[in-house]
Amino acid sequence: MTAAILAALVLLLLAASGAARAAGRVQEFLQKVSPAEVFPGADRFGEPQGDPPLVPVFAAGRPLGFVYLNSDFTNAVGYSGKPIHMLVGIDPQGVIRGIRLVDHKEPIVLVGIPERRVVEAMNALIGKAMAPVASGAERPPQVDIVSGATVTVLVMGDSVVRSAVRIIRSGRLGTASNAPAAAAMARRVDRETSEVRNWEALVGDGSVRRLHLTIGEVNEAFAKAGNQAAADNPEPGEADDTFIDLYVAPVSVPTIGRSLLGAEVYERLRARLKAGQEAILVAGDGVYSFKGSGYVRGGIFDRIELLQDGQSTRFRDRHHTRLGAIAAQGAPDLREIALFVVPEEFKLDLAEPWQLQLLVQRNVGARDKAFLTFDIGYTLPEKYLAPQPSTSAPPSSATAPAPAPASSPPTAAPRAPLDDAEALRAGPLEEPLWVKLWKTNAVSIGITAAALSVLTGIFFFQDALVRRPQTYVWVRRAYLAFTLVWLGWYANAQLSVVNVITFTNALITGFNWEFFLSAPLIFILWAAIAAGLLFWGRGPFCGWLCPFGALQELLNTIAQWLKVPQIAVPWGLHERLWPIKYIIFLGLFGLSLYSVALAEVFAEVEPFKTAIILKFARDWPFVVYALTLLAAGLVIERFFCRYLCPLGAALAIPGKIRMFEWLKRWPECGSPCQRCAKECPVQSIHPEGFINVNECIYCMHCQELYHDDQRCPHMIQVRLKRERREALSSPSMRQIKDGPSGPAKPVITHKGKLVGAPTDQSSAADVPTSAS
């Protein structure tokens, strides 16, 4: 009896704690806002109801509607990988009355784009009636896209609309459910019939749907949209050229899947799908990509959206598999072919109409963009539908076994589900994307490889080069100009501390070579720099391959030519400013362990993106910051490299492992001679004479001095001795020395040493006469 009582108490406590957790998060955020901020006119909140909780709001005791937390009802994970929390006010009729952003970790909003702009974009949903959307009578409303925060705003808008639709369909607002009306006769996808058909037949009967847009049609659409800036910046090309040729088909339907994917890939897909889960194929060609590049960093395909019955979803990288070709006979060669598995939380009913929406964006400024949407509506042809069984048994899911066509050989039993990587390796899929990118950039790769070969030659034959100061100076200036203009401004191959952070994070979370290989020039440069660290430390990159470093040095060269006074930083202060860049790097590295996306934002301490990638076409605070650093570099050569560059600090740490010492020094260096220390562009030579390789950029100026018998005191003494020796060895000087009576006689010094007569081992110039 006692045990039963204790068990009952435990169950009650668990139920109470579960209810507290359900309401705890929304209660936490309600404490931070007033009722009127979320629902205009409200003066108090009621007690949370149900799970997930709805919180009633009142005005003078009269109920107005409800407030809820969006993340309680639907997925709201943004670019940062963490949920975006918003309080949403909704009235009993399903009209959005207020939205309040209460918590997020989106880096672009925290640091870059003002939160006000994101809030203003979300306010476009206020006043929108969600009941028609929930019933399928209207399409979901769209928020205003904020340039630079596309993924964040799209996720927020989707979250509000989907959560509102879910609440309305549940009937919890006190009104009848607004779920889409059932058809007169329920239909289901026929998953028992399967055949293989060619491309022409699939397109002809609507199994594959197409959206074809020309450049002229897109330009006209932007002009009609009323955005003058977009209209004034048309897409280049002929009006009849293809902007995008887009195809879509549901490949979890057996006949369509076997025809487009081939039997083997279809069987793998079928084994991977879970009960009730569907998959679609999206393929495209033309100048516009339906994939874009946002998914590489943000993980979200922000240019396409799947819609049905007022609900919508976007695909993430984990839902995506690249395909090399369409298996159907007669299918065209298309530039992009993607297989998307529909997220489990989105219940796509292929027996009902659905749409794929394409987001077309256009740059209208340094950061601003204009957006338009185009739709492909899809209704599954009748031949793939069958009446819903009258029994209570559930319909077959997408993963239910479908018999192979009579002409097909028997298939093996379904295998365990494959992840994306296994699926990519297992079937007749396309060559990896990185291979295509390398082929596409073959010319740039060749130029970069040639430039690296030249630089390797410069380093290995540095002695021969620095012995010719004029040649060396112009070779270095020419290489820096190439680095700045071609490698930086043209090819955008500016390395960044973000690369280091991303690489380190990949080692921790799951390394994938393909991600790094997708940027050929960046990969080649990093490979070269990794090898260079073993030979020369950080110098090859910092001194020769960094476009921003080249920009600083070339500007400082011009400044010195114009007689701009240079500031010599006192050694004591200079030595204490060195650690700043290491502190910056360690701060960014530590921040990346919390959020890589946030660390990338703070990595804007590097002006590389502003000065090199965007060529100063950016918002004024970034431009002012970059210009300030360049201005400082006019009077303190390579100011940013010396004291602030986190990438230089990151490279200096492994640079300690270099195996060779290529920079030569004389015993007199540092004591008493200070010439190299004073002329070093980055003051990396200590007053004692040794070179700090952590700070050295390998400009080779000290090596130029090392061999210069006009400026290096040691070499000056060697030159003077050589000149004396040559002078004394000349016939005229020998005649003067010998005199009319012949050669001088040898003399024994007080130390017993024979002097005065040249020997085979010493020249006359080195032998003192008896008079000395």
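Residues numbered from 1 in each chain as written. Predicted model: local features only at pLDDT ≥ 70, side-chain atom pairs only at ≥ 80, totals over all residues. Heavy atoms only, no water.

### A short note on the sheet that holds strand S4 (residues 85-90)
Across a sheet, paired strands are connected by hydrogen bonds in the backbone, their directions being either parallel or antiparallel. With antiparallel pairing, 5 strands are arranged side by side in an open sheet as S1-S2-S3-S4-S5. Across the chains shown, the open sheet's two edge strands, defined by having one partner strand only, are strand S1 (44-45) and strand S5 (96-103). Relative to strand S3 (residues 62-69), strand S2 (residues 55-59) runs antiparallel, the two sharing 5 bridges. The residue bridging valine 55 from the neighbouring strand is valine 67, located in S3. (Pairing = 2+ DSSP bridges. Helix = DSSP H or I, 4+ residues; strand = E, 2+ residues; numbered from the N terminus.)

### Concerning the confidence of the model for the protein chain
The predicted model of the protein chain has a mean per-residue pLDDT of 78, with 77% of residues at 70 or higher. Per-element averaging of pLDDT across the protein chain places helix H14 (residues 420-426) at the bottom with 38 and strand S9 (residues 279-285) at the top with 94. Throughout residues 9-23 the model reports pLDDT below 50, and contacts reaching past four residues in sequence, or to other chains, amount to 5 contacts. (pLDDT = per-residue confidence, 0-100. Contact = heavy atoms within 4.5 Å.)

### What to know about the pattern of salt bridges
Under the definition given, this model contains 18 salt bridges. Here glutamate 305 makes a salt bridge to arginine 314, at a shortest N to O gap of 3.1 Å. The buried category is assigned to arginine 314, whose relative accessible area is 12%. What you see here is one network of salt bridges that share partners, running through Arg197, Asp205 and Lys383. (Salt bridge = Lys/Arg side-chain N within 4 Å of Asp/Glu carboxyl O. Buried < 20%, exposed > 50% of the residue type's maximum accessible area, 1.4 Å probe, protein only.)

### Comments concerning the state of the cysteines
A full pass over the atoms with the stated rule returns 0 disulfides. The thiol of cysteine 546 is unpaired, and the distance to the nearest cysteine sulfur, on cysteine 641, comes to 6.0 Å. Of all cysteine sulfurs, the one in cysteine 673 lies closest to cysteine 712, which takes part in no disulfide; the gap is 5.9 Å. (Disulfide = S-S within 2.5 Å.)

### Considering helix H9 (residues 215-224)
For H9, the complete set of buried residues consists of Ile215, Val218, Asn219, Ala221 and Phe222. Down the axis, H9 shows its buried residues gathered within 160° of arc, on one side only. The elements touched by buried residues of H9 are strand S7 (209-214), helix H10 (228-231), strand S8 (242-250), strand S14 (354-363) and strand S15 (369-378). With its phi angle positive at about 90°, glycine 226 sits one or two positions after the end of H9. (Arc of directions from axis to C-beta.)

### Observations regarding the side chain of serine 289
On the secondary structure map, serine 289 appears in the loop between S9 and helix H13 (294-298). Polar contacts involving the side chain of serine 289 include one to the main-chain amide nitrogen of lysine 291, which spans 3.1 Å. Here the side chain of serine 289 touches glutamate 336 through a polar contact of 2.5 Å, side chain to side chain. Setting aside its immediate chain neighbours within four residues, serine 289 contacts Arg303, Arg335 and Glu336. (Polar contact = N/O pair within 3.5 Å; in protein donor to acceptor, adjacent residues only side chain to side chain.)

### Here we look at unusual backbone geometry
Here aspartate 51 and proline 52 are connected by a cis peptide whose omega angle stands at 0°. When you line up the elements, proline 52 lands in the loop between S1 and S2. A positive phi angle is found at alanine 60, which is not glycine, with a value near 55°. As for its position among the elements, alanine 60 is in the loop between S2 and S3. A relative accessible area of 75% places alanine 60 in the exposed class.

### Here's the deal with the pairing of S4
For S4, the tally of buried residues reaches 6 of 6 residues, placing the bulk of the element in the interior. Covered by surrounding structure in S4 are His85, Leu87 and Gly89 together with Met86, Val88 and Ile90, the residues of both alternating faces. Note that S3 and S4 share 4 bridges and pair antiparallel. When the sheet's bridge partners are listed, valine 67 is paired in S4 with glycine 89. With 6 bridges connecting them, S4 and S5 associate as antiparallel partners. Paired with isoleucine 90 across the two strands is isoleucine 96, which belongs to S5. A loop of 5 residues connects S4 with S5, the two strands running antiparallel in sequence, and glycine 94 in this loop sits at a positive phi of about 85°.

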